[in-house]
Amino acid sequence: MFGANAGLDVARKLLQPIKDDVAKDMSYADFWALASIIAVKEMGGPVVPFRPGRTDATSVEESVPEGRHPPGDQGSDMLRSIFQK
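What counts, and where the lines are drawn
Residues numbered from 1 in each chain as written. Predicted model: local features only at pLDDT ≥ 70, side-chain atom pairs only at ≥ 80, totals over all residues. Heavy atoms only, no water. Helix = DSSP H or I, 4+ residues; strand = E, 2+ residues; numbered from the N terminus. Contact = heavy atoms within 4.5 Å. Areas by Shrake-Rupley, 256 points an atom, 1.4 Å probe, with all protein chains shown as cover. Lys, Arg positive; Asp, Glu negative; His and termini not counted. Charge placed at Lys NZ, Arg CZ, Asp CG, Glu CD. Polar contact = N/O pair within 3.5 Å; in protein donor to acceptor, adjacent residues only side chain to side chain. Salt bridge = Lys/Arg side-chain N within 4 Å of Asp/Glu carboxyl O. Buried < 20%, exposed > 50% of the residue type's maximum accessible area, 1.4 Å probe, protein only. Phe/Tyr/Trp six-rings, centres within 6.5 Å; stacked < 30°, edge-to-face > 60°. Lys NZ or Arg CZ within 6 Å of the ring centre and 35° of its normal. pLDDT = per-residue confidence, 0-100.

**A word on the overall build of the protein chain**
Per the secondary structure count, the protein chain includes three helices and zero strands. Listing each helix as α and each strand as β along the protein chain from the N terminus yields α-α-α. Once the C-alpha set of the protein chain is aligned to its principal axes, its extents read approximately 35 × 35 × 25 Å. Residue pairs at least 24 apart in sequence account for 37% of intrachain contacts in the protein chain once pairs closer than 6 positions are excluded. In the form shown here, the protein chain has an accessible surface area of approximately 6800 Å², with 58% of it arising from carbon and sulfur atoms. Between the averaged position of the 10 positive side-chain charges in the protein chain and that of its 12 negative side-chain charges there is a distance of 7 Å.

Below you can see the structure in the form of structure tokens.
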């Protein structure tokens, strides 16, 4: 598992039933983007527009290279320091 994905198993388990029920035809890429946008809004953040059309990677070569995302295993304060304006 990649460092940037640390802790995502919890979110994945919570969100998978929603995907299975109401978003069967949506790509995982779009589903995770939409879930992220909703989470930002629910935590008092800005409204972020959703633009569908992402496709799921089918191989490691199509995925974002390791190190491009901030590490998810260093706590919320570190993530806030990166994404705060």
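**As for the environment of Glu 62**
With respect to the element layout, Glu 62 can be found in the loop between α2 (28–42) and α3 (76–83). Excluding anything up to four places from it in sequence, Glu 62 contacts Asp 56 and Ala 57. Polar contacts involving the side chain of Glu 62 include one to the main-chain amide nitrogen of Thr 58, which spans 2.7 Å.

**Some details on the pattern of salt bridges**
In this structure the tally under the stated criterion is one salt bridge. Close ionic contact of Arg 54 with Asp 30 constitutes a salt bridge, the shortest N to O distance being 2.7 Å. Linking Arg 54 in the loop between α2 and α3 with Asp 30 in helix α2, this pair joins segments that are 24 residues apart in sequence. Here Arg 54 falls in the partly exposed class, since its relative accessible area comes to 35%.

**Section: the packing of aromatic side chains**
Within the structure shown, the criterion is met by zero aromatic pairs. Directly above the aromatic system of Tyr 28 lies the positively charged group of Lys 19, at a separation of 4.6 Å from the ring centroid.

**Some points on the confidence of the model for the protein chain**
Across the protein chain, pLDDT averages 85, with 92% of residues at or above 70. Of all the helices and strands in the protein chain, α3 carries the lowest mean pLDDT, 78, while α2 carries the highest, 93.

**Quick word on the side chain of Ser 27**
Along the chain, the position of Ser 27 falls in the loop between α1 (8–22) and α2. Here the side chain of Ser 27 touches Arg 54 through a polar contact of 2.8 Å, landing on its backbone oxygen. Ignoring anything within four residues of it in the chain, the contact list for Ser 27 reads Lys 19, Arg 54, Thr 55 and Asp 56.

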